[in-house]
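Secondary and tertiary structure notes
Residue strings, one per chain:
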Amino acid sequence: MIFSTYQFIFLFLPITFAVYFALNHFKQHSVAKIWLVVCSLYFYGQGSPDFFPFFLASITGNYIIGSSMSRMEGEQPFQKKLLLAIGLAGNIGLLGYYKYTDFFIENFNLITGSDYALKHIVLPIGISFFTFQLIAFLVDSYRGETKQYDFVNYLLFITFFPQLIVGPIIHHGEIVPQFENQKNLKINYDNLAKGLFLFSIGCAKKILLADPMTTNAQEFFNNVTANSDLLLTWFSSIEYTISYYFDLSGYADMAIGLGWMFNIAIPQNFDSPYKARNFQDYWRRWHMTLSRFLSNYIFRSVYKKNCKWRNYYIATMVTFFVSGFWHGAGWTFVVWGLINGFFVCAASWMKRRNLKFPFFIAFPLTALGVILVRVLFVSNTFTDAWNVYLGMVNFSSLGSTVSEALSSVWNFIIWHKSSGLRLLIGIIICWFLPNSKTMTEKFKTNIWTVLYAALLMLLCIMQMNKVVQFLYFQF
């Protein structure tokens, strides 16, 4: 079950919402929380039924370990370290089995000449996201930064359905207090209106923009050759870059909007990343909750001030290596992560020396870099990525004369006018219009916002028979 479906919008969401607030209205607060947990578990079970028992075992085991560490006094460092090691090994081991088994088998076969069969294990949805939340909970419990949450509040933190399968990655410290706040237990119509408004924006991003662009670009990337047409190569690469943003930020908008409906403020995940002037700025704006996790739990574990082999650049490269490997079980993802790390280091090096490109150079240079690394991210193999890069400089496909080149450009525009118009709208939204974060902060309920949200939802509902899975379901 995904957000942009009839089943979710017309059945799951209204039933879950109505019963939750009805129970709270009759002072059955504990039962209401249990209801929300049960609905969230049902929501997850619909997507990964085979993994569901392991999911329950994982979140229960992490609660037992985390709560045990929280109760331990300072004179028990060995026991706490042992429990932390067991918890981390369990989480990383489960993620590693489901996500990386075939990757390790392939590489073992390559190195040793063996011929072990691949397992073709189906990746459970959301495992990459809730694993990070569980790791954060364990590490904070070890550090003494968590209180002893009751089991139901803990379950709500992990399973709250808006963020469960593709994020944003939430932190227990920002979510659990909201579920404990008595003011949040009754319907807040301002929050409900804001949530519906944001949900409609996210739904439109996903259905009206991301899905058709992704489908169109994926067709090119599935059939790329070394002599691909220059115009089509650039068009498809830019189209995929834009569609990824609308797919991910659209889901985040829907998740955050759903959170507001239940009076829960889920953290923002995107802040106009394509307006960045360098890669350091880009990663402050792109998938911000993931960047926050990596900064708090990877970067800060490696970085040590005044230590040459654990300095900022080493810590940054390690962090982006982890980010790349987390995104997917393939060397293309690892290299993608390292390239991003290098660009972030370069931006930091320039900043420390007060070097700064003028905006008219910095902005297009960063945009070009984002497109080029996105090619590597979405390509199945290095060969495919290389063929795309070759296509980007295949000027011979335009013809041998200026008139032939102009004719090629004109024919391309005519042939791709509908998808080109959609891409142009996407670019205008990315670069020139306020983002969801800004609109949420300035939101006021009035006739115009209601009509705007209603129109977007009507257009989306008319297209829901063509919905494509969210791109991050594969990670």
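Presented here is an overview of the structure given in this document. Just so it is clear, the model here is predicted, and its values are computed rather than measured. (Residues numbered from 1 in each chain as written. Predicted model: local features only at pLDDT ≥ 70, side-chain atom pairs only at ≥ 80, totals over all residues. Heavy atoms only, no water.)

Helix and strand counts for the protein come out as 19 helices and 0 strands. For 475 residues, the compact-globule estimate of 2.2 N^0.38 gives 23 Å, and the protein sits close to it at 24 Å. Each of the three principal axes of the protein carries a C-alpha extent, and together these read 75 × 60 × 55 Å. Put simply, the protein has 475 residues, and 52% of those count as buried. Partitioning the contacts of the protein with sequence separation of at least 6, the portion at a separation of at least 24 is 76%. For the protein, the exposed surface amounts to about 22600 Å²; the carbon and sulfur share of it is 66%. When the 35 positive and 23 negative side-chain charges of the protein are each reduced to one mean point, those points stand 11 Å apart. (Helix = DSSP H or I, 4+ residues; strand = E, 2+ residues; numbered from the N terminus. Rg over C-alpha atoms; globule rule 2.2 N^0.38 Å. Buried < 20%, exposed > 50% of the residue type's maximum accessible area, 1.4 Å probe, protein only. Contact = heavy atoms within 4.5 Å. Areas by Shrake-Rupley, 256 points an atom, 1.4 Å probe, with all protein chains shown as cover. Lys, Arg positive; Asp, Glu negative; His and termini not counted. Charge placed at Lys NZ, Arg CZ, Asp CG, Glu CD.)

On the surface, a nonpolar cluster with roughly 580 Å² of combined accessible area is contributed by L421, L424, I425, I428, F432 and L433. Topologically, L433 is positioned in the loop between α17 (417-432) and α18 (436-441). For L433, a relative accessible area of 40% gives the class partly exposed. (Patch = residues over 30% accessible without salt bridge, like charges linked within 9 Å, V, L, I, M, F, W, Y side chains within 5 Å. Salt bridge = Lys/Arg side-chain N within 4 Å of Asp/Glu carboxyl O.)

With their axes 8 Å apart at the nearest point, helix α3 (residues 52-71) and helix α5 (residues 127-143) run at an angle of 15° to one another. Classified by the angle their axes make, α3 and α5 are roughly parallel. Judged by the twist between their axes, the crossing of α3 over α5 is left-handed. For the pair α3 and α5, the contacting residues are F55, S58, I59, N62, Y63, I65, G66, M69 and S70 in the first and F130, L134, F137, L138, S141 and Y142 in the second. Across the contact of α3 with α5, the residue classes tally to 10 nonpolar, 5 polar and no charged. (Axes fitted to C-alpha atoms, helices over the stretch in contact; angles between N-to-C directions. Parallel < 35°, antiparallel > 145°, perpendicular 65-115°, else oblique. Left-handed = near helix turned anticlockwise from the far one by under 90°. Nonpolar A, V, L, I, M, F, W, Y, C, P; charged D, E, K, R; others polar.)

Another aspect to go through is unusual backbone geometry. In this structure, H120 takes a positive phi of about 50° despite not being glycine. Position of H120 relative to the elements: it lies in the loop between α4 (77-112) and α5. For H120, a relative accessible area of 59% corresponds to the exposed category. Positive phi, normally seen in glycine, also occurs at H287, with a value near 45°. Here H287 lies in the loop between α10 (279-285) and α11 (288-302). A residue is classified by how much of its surface remains accessible, and H287, at 2% relative accessible area, is buried.

Looking now at the nonpolar core. In terms of nonpolar packing, the biggest core is built from 90 residues, with F3, F8, F55, Y154, F161, F199 and F262 touching the most fellow members. Considering each element in turn, this core owes the most residues, 10 residues, to α5. In contact with F55, not counting residues within four places along its chain, are L41, Y44, F130, I158, T159 and L164. Core analysis: the second largest hydrophobic core is formed by 48 residues, M213, V224, F235 and A315 among them. (Core = buried A, V, L, I, M, F, W, Y, C linked by side-chain atoms within 4.5 Å.)

Moving on to helix α19 (residues 447-461). Because each turn of an α-helix spans 3.6 residues, side chains separated by three or four positions end up pointing in the same direction. Its 15 residues give α19 an end-to-end C-alpha distance of 21 Å, which sits within 8% of 21 Å, the value for a rise of 1.5 Å per residue. Of the residues making up α19, those classed as buried are T449, A453, L456, M457 and C460. End-on, the buried residues of α19 take up no more than an arc of 95°, which puts them together on one face. Set apart from the buried face of α19 by more than 90 degrees, the exposed residues are I447 and W448. Of the residues that open α19, the one with a side-chain oxygen 3.0 Å from the backbone nitrogen of W448 is N446. (Expected span 1.5 Å × (residues − 1). Arc of directions from axis to C-beta. Polar contact = N/O pair within 3.5 Å; in protein donor to acceptor, adjacent residues only side chain to side chain.)

All right, on to the packing of aromatic side chains then. Evaluation of the coordinates by the stated rule reveals 73 aromatic pairs. Considering the side-chain rings of F43 and F161, the 5.8 Å spacing of their centres and the 55° angle between planes classify their relative orientation as tilted. With F43 in helix α2 (residues 29-47) and F161 in the loop between α6 (151-159) and α7 (172-180), this pair connects stretches of sequence that are 118 residues apart. By relative accessible area, which is 0% here, F161 ends up buried. (Phe/Tyr/Trp six-rings, centres within 6.5 Å; stacked < 30°, edge-to-face > 60°.)

To continue, consider the side chain of N191. Residue placement: N191 occurs in helix α8 (residues 189-222). Sequence-distant contacts of N191, defined by excluding residues within four places in its chain, comprise W260, M261 and N263.

Mapped onto the secondary structure, S243 falls in helix α9 (residues 230-261). Accessibility expressed as a relative area gives 0% for S243, which makes it buried. Side-chain polar atoms of S243 contact the side chain of T214, separated by 3.1 Å. Residue contacts for S243: discarding those within four places in its chain leaves A210, M213 and T214.

Here we come to the environment of F342. Tracing the sequence through the fold places F342 in helix α13 (residues 331-352). A residue is classified by how much of its surface remains accessible, and F342, at 52% relative accessible area, is exposed. The sequence separation of F342 and F320 amounts to 22 residues, and the corresponding C-alpha distance is 8.8 Å.

This next bit is on the environment of N91. Note on placement: N91 falls in helix α4. A residue is classified by how much of its surface remains accessible, and N91, at 3% relative accessible area, is buried. C-alpha separation for the pair N91 and L134, spaced 43 residues apart in sequence, amounts to 7.7 Å. Within polar-contact distance, the side chain of N91 engages the backbone oxygen of G87 at 3.0 Å.

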